[in-house]
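Coordinate inspection notes
Spelled out from the first residue to the last, the chains are:
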Amino acid sequence: MTAMDPAMLTVDLATEIATETSEILGYRVLITDNDGLVIGSGEPERIGTLHSPSIEVVATQRASSRTRAELADAGVRPGITMPITIDGATIGTVGIAGPPRTVRKLGRLVQRQTEILLRESLAHRTRVLHENAVAQLVRDIVMYDERVLEERVLTARAEELGYDLSGDRVAITVEPRDDRRPLRIQAVREVFPGREDIVTELAPERCLVLHRTGRAPRERLVERCRSVLDTLRLRGGSDVRLGVGGIGRGVTALSRSCEEAGSALRIGTRCSPGEAVIDIEDVRVHQIVESVPAPVRSGFAERQLSALRARGDYEHLRATVIAWCTGGFHLGRTAALLNVHRNTVVYRLERIGQLTGTDIREPRHALAMHLACLADQLAGSE
């Protein structure tokens, strides 16, 4: 564990420890710094005053007790004073006021308890500092611009934090589907427990995972993401959506993966609201369409779909066009995607042809209409 800086023994922390210990023991407890100044006490008026016995204790690193008759300082109460030692270094003292014969028996207990609480505080502070450093690292990866920051700088910072960015990683964005069931980052860490997995919260209710993939096939990665859903529901009570980016090696590629994970989630929200895991590899065409300026997309969609938009069953017709192209112009696969009978697909294709005056069975026309339908989907939530 990192050695404790004496400056970390703050007034707030020392007062909290002194107050709680005093309440438990029934004796007044105070804590000083290495200069003998009181920095922790249940009596606010004592903060900042000099506790003269502490000066000797810090110098000798040995406990000292004083009766009332032995005290020259009228402002100091009889009792016992002990050094606070963390990792071999004295950072202050803890004193118990009371008859020395009585409180001496409690001295070692109070000393150990104080040191334990300080170590816990150090561990918590170290953990928080590490988490903040990781969060900043990930933010810099997400916003990476080689004109502003060199890749080797981020790589070196990652190594200092215990991460190797040279291997294959994939970015996974996690966010709750229901604001009433908040996302718990600890639950996400439990389902991505790998030492090389980087998990951080970049925004309230939005978590980013930089998962070390190794040589696992893409299908296995997506399947694991699907299994994460049930685990998060059980451990964290969260109903979530996951956007999965492409595999990246190095800062530049990993930054692109982060962008793709966000795109997958955004596209999935608009185009596949019922799907909980959206893989960027499944929505690459949507991604390309989304990159086109919105006015251009809407104009193209209007020209291709105006005859269908006026119909009451437009949503069904649009879904049929998308499924027809996604299913490779195959009746059986299209019917399965739509969960309807083959004859229903035939009827809808004929209806689309009649309304638009184009043969959607012709790949060239089908592709144009497919892109128009995707553009229309993407525009639905803009």
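A brief report on the enclosed structure follows. (Residues numbered from 1 in each chain as written. Predicted model: local features only at pLDDT ≥ 70, side-chain atom pairs only at ≥ 80, totals over all residues. Heavy atoms only, no water.)

On to the packing of aromatic side chains. Under the counting rule described, the total for this entry stands at 1 aromatic pair. A centroid spacing of 5.8 Å and a plane angle of 65° characterise the contact between Trp324 and Phe329, whose relative ring orientation is edge-to-face. Judged by its relative accessible area of 3%, Trp324 is buried. Exposure remark for Phe329: the relative accessible area of 35% places this residue in the partly exposed category. (Phe/Tyr/Trp six-rings, centres within 6.5 Å; stacked < 30°, edge-to-face > 60°. Buried < 20%, exposed > 50% of the residue type's maximum accessible area, 1.4 Å probe, protein only.)

Glancing now at helix α13 (residues 363-379). Residues that lie three or four places apart on an α-helix share one face, since the helix turns once every 3.6 residues. The end-to-end C-alpha distance of α13 is 24 Å, a good match for the 24 Å that 17 residues give at a rise of 1.5 Å each. Every buried residue of α13 is listed here: Ala366, Met369, His370, Ala372, Cys373, Leu374, Ala375, Asp376, Gln377 and Leu378. Of the surrounding secondary structure, the elements contacted by the buried residues of α13 are α7 (251-271), α8 (284-290), α9 (294-309), α10 (314-326) and α12 (342-356). (Helix = DSSP H or I, 4+ residues; strand = E, 2+ residues; numbered from the N terminus. Expected span 1.5 Å × (residues − 1). Contact = heavy atoms within 4.5 Å.)

With that settled, the discussion passes to the state of the cysteines. On inspection of all chains with the given rule, the structure shows 0 disulfides. Note on Cys207: no disulfide assigned, nearest cysteine sulfur contributed by Cys258 at a separation of 12 Å. For Cys207, a relative accessible area of 2% translates into the label buried. Cys325 provides the cysteine sulfur closest to Cys373, a residue in no disulfide bond, and the two sulfurs are 8.0 Å apart. (Disulfide = S-S within 2.5 Å.)

Let us now look at the sheet that holds strand β2 (residues 38-41). Across the sheet, 5 strands lie side by side as β2-β1-β5-β4-β3; this open sheet has antiparallel pairing. For this open sheet the edge positions go to β2 and β3 (64-66), each flanked by a neighbour on one side alone. Direction aside, the axes of adjacent strands within the sheet are offset by 25° on average. Relative to strand β4 (residues 79-86), β3 runs antiparallel, the two being bridged by 3 bridges. In the sheet register, Ser64 faces β4, and the bridge partner there is Thr81. Against the sheet, helix α1 (residues 11-25) contacts β1 (29-32) and β2, and its axis sits at roughly 40° relative to β2. Taken strand by strand, helix α3 (residues 100-142) contacts β1, β3, β4 and β5 (89-97), and its axis lies near 25° from that of β4. (Pairing = 2+ DSSP bridges. Axes fitted to C-alpha atoms, helices over the stretch in contact; angles between N-to-C directions.)

Okay, the pairing of strand β8 (residues 206-212) next. A large share of β8 lies buried, amounting to 5 of its 7 residues. As paired strands, strand β7 (residues 198-203) and β8 are joined by 5 bridges and run antiparallel to one another. Looking across to β8, one finds that Thr200 is bridged to Leu208. The hairpin turn running from β7 into β8, its antiparallel successor, is 2 residues long, and Glu205 in that turn takes a positive phi close to 65°.

Interpretation in functional terms is not warranted from these geometric data alone.
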